[in-house]
Amino acid sequence: MERAFLVAVESRMSNHRWTSNDSLQELSSLARAAGADVVGMFVQKLDAPSSTHYIGRGKIAELVNRKQEAQYNTVIFDDELSPRQQRNLEELLQVKIIDRTALILDTFARQARTHEGRLQVELAQHQYLLPRLVGQWKHLERLGAGIGTRGPGESQLETDRRLIRNRINRLKDELENVRRHRALYRKRRKERAVPIVALVGYTNAGKSALFNALSKAQVIVEDKLFSTLDPVTRCLTLPNGRQFLITDTVGFIHKLPLSIVVSFRATLEELSEADLLLHVVDISHETAANQCRTVMEIIAELHLEHTPRITVFNKLDLTLNSEVELEALTTIPYLGEQIVVPDGKIALISATKGWGMDQLRDRITSHLDNTLMQGEH
Ligand SMILES: Nc1nc2c(ncn2[C@@H]2O[C@H](COP(=O)(O)OP(=O)(O)O)[C@@H](O)[C@H]2O)c(=O)[nH]1
Ligand SMILES: [Mg+2]
C-alpha cells in the first residue's frame with residue numbers, strides 16, 4: 001500500500017485562480033483514486049520553486065522529520081518536477097517521488113477505453129520516463145569510452161534508453177496507422193452527413209455517465225458504417241428520427257501538461273469535427289466554477305470557442321430530491337450569476353438517475369436542426 005504525503009508550492013508563478021489548497025485537494029482525490037492512502041500534506045509559499053529541490057531546505061528537513069509519525073513511503077508533488085529535482089529529492093528523502101504529471105498519466109491509463117487511447121497514454125508515459133531514467137550506471141557514463149564501455153559492454157542505462165526509444169517509435173507507427181484508418185472512416189461519415197456531438201468537461205464531471213445514460217434507452221442498431229466505431233462513439237436516434245454520433249472524450253484537468261495534450265492531439269482533433277459540444281459540469285463540486293473556466297481555456301486553446309455548445313449541469317440529484325424539482329427550477333447560480341434555465345444553451349441533469357434526459361434531447365435536436373438548416377442555405 002502506498003502511503004502518500006502531498007506537497008505543493010505556492011509561488012508568484014502559480015495560477016491564481018486555483019488556490020494551492022484546492023489544487024492539493026484535487027491531487028489528493030487523484031492519489032486516492034490511484035489506490036494510495038493520503039497521510040499528510042502541506043503547502044510552501046516561495047517566490048519560485050527551487051530549481052534543485054522544488055521546495056526549500058527547511059521544508060525538506062520537515063518532511064524527513066515527519067516520516068516517522070506519518071509513515072509515508074511516497075511523496076507526491078503538485079507540479080511536474082524536472083528529472084534533476086526528482087533525483088535530488090529521491091536521494092534526500094529515500095522514498096518514491098511522484099509528480100502531478102505522473103499521477104495524471106496514471107489516471108488516464110486507468111481510464112483509457114480505446115486501443116488508440118491506450119497507445120496515446122503509453123506514448124506519453126514513455127516520453128515522460130525517458131529523461132528520468134537514471135540509476136546505477138550513471139558513473140559508467142561519466143567515464144565515457146574505455147574498458148567496459150566498448151562493444152557489447154554497453155551500459156545498462158543506454159540499453160534501457162534504446163529500448164524505450166524503440167518502443168516510442170513503434171507506438172508512433174501504430175498511432176499513425178490508427179490515424180489513417182480514422183481519416184478513411186471520417187470521410188465515409190461525412191458522406192453520410194451524420195452530425196457529431198462531443199462530450200467535453202472536467203475529469204469526473206460525469207461525461208461517461210451521461211454517455212451511458214443517453215445510450216441506455218436506445219437500441220443500438222447494428223449499422224455496417226458504424227461497426228468500426230470505437231467503444232466511446234455511438235450512433236443515436238433523436239425523437240424526430242434524426243441520427244447523430246456521440247463521442248465521449250478524455251477529461252480536462254488543470255495543469256494538464258503540454259506533453260499529454262500533444263499525445264492526445266488526435267483525439268482532441270476529433271473535437272474540431274464536432275457539430276455540437278456538450279460541456280458537462282459537476283455543479284455539486286466546490287470548485288465547479290474553476291473547473292468550468294479551465295475547460296473553457298482548453299476549449300479556446302483548441303480553437304473550439306465557436307463550436308455551438310450546450311452547458312450541461314450534472315449531478316443535480318445531490319442537491320435536489322426528484323426530477324420534478326429539477327423540472328421546476330427556473331434559475332441556477334453559475335459563475336457568480338443567476339442563469340435562466342429555459343435557455344437553449346443549458347440543460348440540467350442527473351446522469352446517474354437519468355433525470356433531464358428528455359429536455360437534453362430536445363436541446364440537442366433544436367441545435368442540430370438549426371445548424372443543419374443553416375448549412376442548407
Ligand atoms: N451523484 C451523482 N454522481 C454522478 C453523476 N454522474 C456521474 N457521477 C459520478 O461521478 C463520477 C465520475 O463520473 P464519470 O462519468 O466517470 O466522469 P467523467 O470523468 O467525466 O467521465 C462517478 O463516480 C459517477 O458515478 C450524477 O448525476 N450524480
Ligand atoms: Mg470518462
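Residues numbered from 1 in each chain as written. Chains lettered and ligands numbered in written order. Predicted model: local features only at pLDDT ≥ 70, side-chain atom pairs only at ≥ 80, totals over all residues. Heavy atoms only, no water.

### Quick look at the site of ligand 1
As a structural note, the neighbourhood of ligand 1 is formed by 15 residues, with Asn204, Gly206, Lys207, Ala209 and Asp317 the closest of them. Between ligand 1 and aspartate 317 there is a distance of 2.7 Å, counted from a nitrogen atom to a side-chain nitrogen or oxygen. Separating an oxygen atom of ligand 1 from a backbone N or O atom of alanine 351 is a distance of 2.9 Å. In the complex, the protein chains occlude 71% of the 570 Å² of accessible area that ligand 1 would expose alone. (Near = heavy atom within 4 Å. Polar contact = N/O pair within 3.5 Å; in protein donor to acceptor, adjacent residues only side chain to side chain. Areas by Shrake-Rupley, 256 points an atom, 1.4 Å probe, with all protein chains shown as cover.)

### Brief notes about the packing of aromatic side chains
Applying the stated criterion to the full structure yields four aromatic pairs. Where phenylalanine 5 meets phenylalanine 42, the ring centres are 5.7 Å apart and the plane angle is 65°; that geometry is what we call edge-to-face. Taken as a pair, phenylalanine 5 in strand 1 (residues 3-10) and phenylalanine 42 in strand 2 (residues 37-45) lie far apart in primary sequence, 37 residues in all. Owing to a relative accessible area of 0%, phenylalanine 5 belongs among the buried residues under this scheme. With a centroid separation of 6.0 Å and 20° between ring planes, the pair formed by tryptophan 18 and tyrosine 202 is classed as stacked. Of this pair, tryptophan 18 sits in the loop between strand 1 and helix 1 (20-33) while tyrosine 202 is found in the loop between strand 5 (196-201) and helix 8 (207-216), placing the two residues 184 residues apart along the sequence. (Phe/Tyr/Trp six-rings, centres within 6.5 Å; stacked < 30°, edge-to-face > 60°. Helix = DSSP H or I, 4+ residues; strand = E, 2+ residues; numbered from the N terminus. Buried < 20%, exposed > 50% of the residue type's maximum accessible area, 1.4 Å probe, protein only.)

### What to know about the sheet that holds strand 1
Reading across the sheet, the four strands line up as 2-1-3-4 and stay open at both edges, with parallel pairing between neighbours. Each of the sheet's edge strands pairs with one partner strand only, and the pair in question is strand 2 and strand 4 (96-99). Ignoring strand direction, the axes of neighbouring strands in this sheet form an average angle of 20°. In this structure, strand 1 lies alongside strand 2, joined through eight bridges in parallel fashion. Residue pairing across strands places valine 7 opposite phenylalanine 42, the latter belonging to strand 2. Strands strand 3 (74-77) and strand 4 of the sheet are contacted by helix 3 (residues 83-93), whose axis makes an angle of about 145° with strand 4. (Pairing = 2+ DSSP bridges. Axes fitted to C-alpha atoms, helices over the stretch in contact; angles between N-to-C directions. Contact = heavy atoms within 4.5 Å.)

### A closer look at the packing of helix 2 (residues 57-70) against helix 3
For the pair helix 2 and helix 3, interaxial distance at closest approach is 10 Å and the crossing angle is 45°. Relative to helix 3, the element helix 2 is oriented oblique. Note on packing geometry: the crossing formed by helix 2 with helix 3 is right-handed. Listed contacts from helix 3 to Arg57, Ile60, Leu63, Val64 and Lys67 of helix 2 are Leu89, Leu92 and Leu93. Per-class residue counts for the contact of helix 2 with helix 3 are six nonpolar, no polar and two charged. (Parallel < 35°, antiparallel > 145°, perpendicular 65-115°, else oblique. Left-handed = near helix turned anticlockwise from the far one by under 90°. Nonpolar A, V, L, I, M, F, W, Y, C, P; charged D, E, K, R; others polar.)

### A look at unusual backbone geometry
Negative phi values dominate among residues other than glycine, just as trans dominates among peptide bonds. You will see that glutamine 94, though not glycine, has its phi angle at about 55°, which is positive. Its location among the elements puts glutamine 94 in the loop between helix 3 and strand 4. For glutamine 94, a relative accessible area of 60% corresponds to the exposed category. For histidine 303, which is not glycine, the phi dihedral falls at a positive 60°. The exposed category is assigned to histidine 303, whose relative accessible area is 66%.

### Description of the sheet that holds strand 9 (residues 309-314)
Here we have six strands laid out as an open sheet, ordered 6-7-5-8-9-12, and mixed in their pairing. Lying at the two open borders of the sheet, with one neighbouring strand each, are strand 6 (233-237) and strand 12 (346-348). Going across the sheet, the axis of each strand differs from the next one's by a mean of 25°, ignoring polarity. Bridging between strand 5 and strand 7 (residues 243-247) involves three bridges; their strand directions are parallel. Note on strand 7: the bridge partner recorded for valine 197 is isoleucine 246.

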